Amino acid sequence: MTFRATPEPPSRHRPRRRHDLVAWWSRRQGHAPPDTSPPPAADAHTGPAAGAPETTAPEATTLWRMRTTVRDEPGALAALCVALAGHRVDILALQTHPLTDGTVDEFLLRAPETLPSGGLADAVAAAGGRDTWTERADTHDLVDAPTRALTLATRTALDTAELPLALRQLFGRCTIHSVPAKSLSGRSLDSTPPAEGILEETVMRLRDPSGGAIVIERPYLPFTPTEFARARALVELDARLGPRIPHDGDVLTLPEGNAITVRRADTGDLDAAREMHARCSAATLGLRYHGPVGDADRYLAHLLSPRFGRTLAAYTASGRLVALGHLLWDGDETEVALIVEDEWQRRGVGGELLRRLVAMAAETGCESVYAVTQSANTGMVAAMRALELPLDYQIEQGTLVLSARLDPAPAPEPVLPLPLPLPAPPHSR
């Protein structure tokens, strides 16, 4: 700036024993035919009949993501599966990444809670795995790889700002940097990679369709050629579709009765944003941009680019832009920033934009957002406190950094396979 739970399928064999036939007929007809066989004897002192299964409490389990490299030869994966089964580890999903000197196997595992990550790694190493990496997983991972890829492609197709987020979710914990082709002063930067991109173990560099580069870093785990191809496919999709953002807006009525329209903004709003800057006082521009007010306009093209984040704009009924709110991807972190025209301050406009930006951040899986301002900016401090989220305050040389910890977004429902059809009834003789 991230498989599907597979329960055991029902047996395809036709039932052969009589009680199997009774159970099968009951499922098909909703009732069972009369059973004339005597019931199993039960001991009045011991309760259930001998041989009846005993009920035991389910074993506590933990979800793990594991990646290991195995030899590319018959039986290598089978040995790995046998080793995991010996520790009562259930394989929920598996992806393979072919290499020139082996195969990287990526697993989603359900293991006993008493089995630590070191125990998993030792079992895999004993079965021939090497360069093993493990990480705790959660229910977000219970979506199979094709479904995840299609979902991310759909989101990218609808909104060009989704590309960095889609890449982050595709690869799990990684850092995404969007490097512009030119600096804010207009100087060309030597940052554009070749059209085919560059893969350097833990770093991928891809050409950004809007100019510059997209850099993906994952220092703890090298990227595979398969992952590189997936990233290139998403970037190519974005390039073919061109710039796009949803422009649907909400009309809100402020407490004083004025109506404003809040919608997504992009570089098409650049002229309106410059006109708003011209109406803002030097004090307002200074609190927002922390530098010479004459340079404020130079930041707008960067801030309004969907590649670097999302921007919300507030327009009056007459079409005048009066406020901008930015949600900016900053590597592993997310920044929020606001500017409200002087005449429209203290009316709730900034607070409304901030609440929406924070909701967007939570939807994308961000754990926190931060705002950089000055201690004199009481409006921004009040808006952050009104979120009613846990806040951290850091002050250094007059600069105040406010960090808000977000509630985690609810996990999606696991995508489970459709049940297999019931077996055909046995032929009557």
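Residues numbered from 1 in each chain as written. Predicted model: local features only at pLDDT ≥ 70, side-chain atom pairs only at ≥ 80, totals over all residues. Heavy atoms only, no water.

Caption draft 1: Layout of the overall build of the protein chain. Each helix and strand counted, the protein chain has 11 helices and 16 strands in total. By residue count, 42% of the 429 residues in the protein chain fall in the buried class. Element-wise, carbon and sulfur atoms account for 54% of the exposed surface of the protein chain, whose accessible area totals about 23800 Å². (Helix = DSSP H or I, 4+ residues; strand = E, 2+ residues; numbered from the N terminus. Buried < 20%, exposed > 50% of the residue type's maximum accessible area, 1.4 Å probe, protein only. Areas by Shrake-Rupley, 256 points an atom, 1.4 Å probe, with all protein chains shown as cover.)

Caption draft 2: Seen up close, helix α11 (residues 378-385). All buried positions along α11 are accounted for by Met-380, Val-381, Ala-383 and Met-384. Down the axis of α11, the buried side of the element spans an arc of 160 degrees, and every buried residue falls inside it. Where α11 is buried, its residues touch β13 (333-340), α10 (349-363), β14 (368-374), β15 (391-396) and β16 (399-405). (Arc of directions from axis to C-beta. Contact = heavy atoms within 4.5 Å.)

Caption draft 3: Just the side chain of Asp-269, in detail. Assignment of secondary structure puts Asp-269 in the loop between β10 (259-265) and α7 (270-279). Contact partners of Asp-269, with chain neighbours within four places excluded, come to Arg-263, Leu-304 and Tyr-315.

Caption draft 4: Expanded view of the sheet that holds strand β7 (residues 203-207). The 4 strands lie next to each other as β5-β8-β7-β6, forming an open sheet whose pairing is antiparallel. Two strands in the sheet have a free side with no partner beyond their single neighbour: β5 (175-179) and β6 (198-200). Strand-to-strand twist across the sheet, computed as the mean angle between neighbouring axes with direction ignored, equals 15 degrees. Of the strand pairs in this sheet, β7 and strand β8 (residues 213-217) are connected by 5 bridges, and their pairing is antiparallel. Among the inter-strand pairings, Arg-205 is bridged to a residue of β8, identified as Val-215. Across the sheet, helix α6 (residues 225-241) lies against β6, β7 and β8, angled at about 25 degrees from β7, the strand it touches most. (Pairing = 2+ DSSP bridges. Axes fitted to C-alpha atoms, helices over the stretch in contact; angles between N-to-C directions.)

Caption draft 5: Inspection of the pairing of strand β11 (residues 309-316) at higher detail. The buried count for β11 comes to 8 of 8 residues, which makes it a mostly enclosed element. Of the two faces of β11, the one holding Gly-309, Thr-311, Ala-313 and Tyr-315 and the one holding Arg-310, Leu-312, Ala-314 and Thr-316 are both buried throughout. Sheet topology note: the β10/β11 ladder contains 6 bridges and is antiparallel. Its bridge partner lying in β11, Arg-263 is registered against Ala-313. Linkage of β11 to strand β12 (residues 321-330), two consecutive antiparallel strands, is achieved through a turn of 4 residues, within which Gly-319 is found at a positive phi near 90 degrees.

Caption draft 6: The arrangement of the packing of aromatic side chains in detail. Here the structure, examined in full by the defined rule, presents 3 aromatic pairs. One Lys or Arg, Arg-347, reaches over the ring of Trp-344 and ends 4.5 Å from the middle of that ring. (Phe/Tyr/Trp six-rings, centres within 6.5 Å; stacked < 30°, edge-to-face > 60°. Lys NZ or Arg CZ within 6 Å of the ring centre and 35° of its normal.)

Caption draft 7: Expanded view of the nonpolar core. In terms of nonpolar packing, the biggest core is built from 37 residues, with Ile-260, Val-336, Leu-354, Met-384 and Leu-406 touching the most fellow members. For this core, the secondary-structure elements that each account for two or more residues are β10, β11, β12, β13, α10, β14, α11 and β16. When residues in this core are grouped by element, the largest group, 8 residues, is from α10. Beyond its immediate chain neighbours, meaning those up to four positions away, Met-384 contacts Val-336, Leu-354, Ala-371, Leu-391, Leu-402 and Ala-404. (Core = buried A, V, L, I, M, F, W, Y, C linked by side-chain atoms within 4.5 Å.)

Caption draft 8: A look at the sheet that holds strand β3 (residues 102-112). The antiparallel open sheet is built from 4 strands, whose spatial order is β2-β3-β1-β4. Edge positions in the sheet fall to β2 (90-99) and β4 (130-136), since each has one partner strand and no second. Averaged over all pairs of adjacent strands, the angle between strand axes in this sheet comes to 15 degrees, irrespective of strand direction. Of the pairings in the sheet, the one linking strand β1 (residues 61-70) to β3 comprises 10 bridges and is antiparallel in character.

Caption draft 9: Region of interest: the packing of helix α5 (residues 163-171) against α6. It is the contact of α5 with α6, at a shortest axis distance of 11 Å, that shows an interaxial angle of 160 degrees. Here α6 runs roughly antiparallel to α5, going by the angle between their axes. When the axes of α5 and α6 are compared, the crossing they make is right-handed. When α5 is examined against α6, the residues Leu-163, Ala-166, Leu-167, Leu-170 and Phe-171 are found in contact with a partner set consisting of Glu-227, Arg-230, Ala-231, Leu-234, Val-235 and Asp-238. Residue composition of the contact of α5 with α6, grouped by class: 8 nonpolar, no polar and 3 charged. (Parallel < 35°, antiparallel > 145°, perpendicular 65-115°, else oblique. Left-handed = near helix turned anticlockwise from the far one by under 90°. Nonpolar A, V, L, I, M, F, W, Y, C, P; charged D, E, K, R; others polar.)

Caption draft 10: Local environment of the pattern of salt bridges. Evaluation of the coordinates by the stated rule reveals 27 salt bridges. Note that Glu-135 is salt-bridged to Arg-65, the shortest N-O span being 3.4 Å. Remark: Arg-65 occurs in strand β1 and Glu-135 occurs in strand β4; sequence separation between them is 70 residues. Summarising the burial analysis for this pair, Glu-135 and Arg-65 share the class buried. Here the salt bridges do not stand alone but share partners, grouping Arg-65, Arg-67, Glu-106, Glu-135, Arg-218 and Glu-227 into one network. (Salt bridge = Lys/Arg side-chain N within 4 Å of Asp/Glu carboxyl O.)

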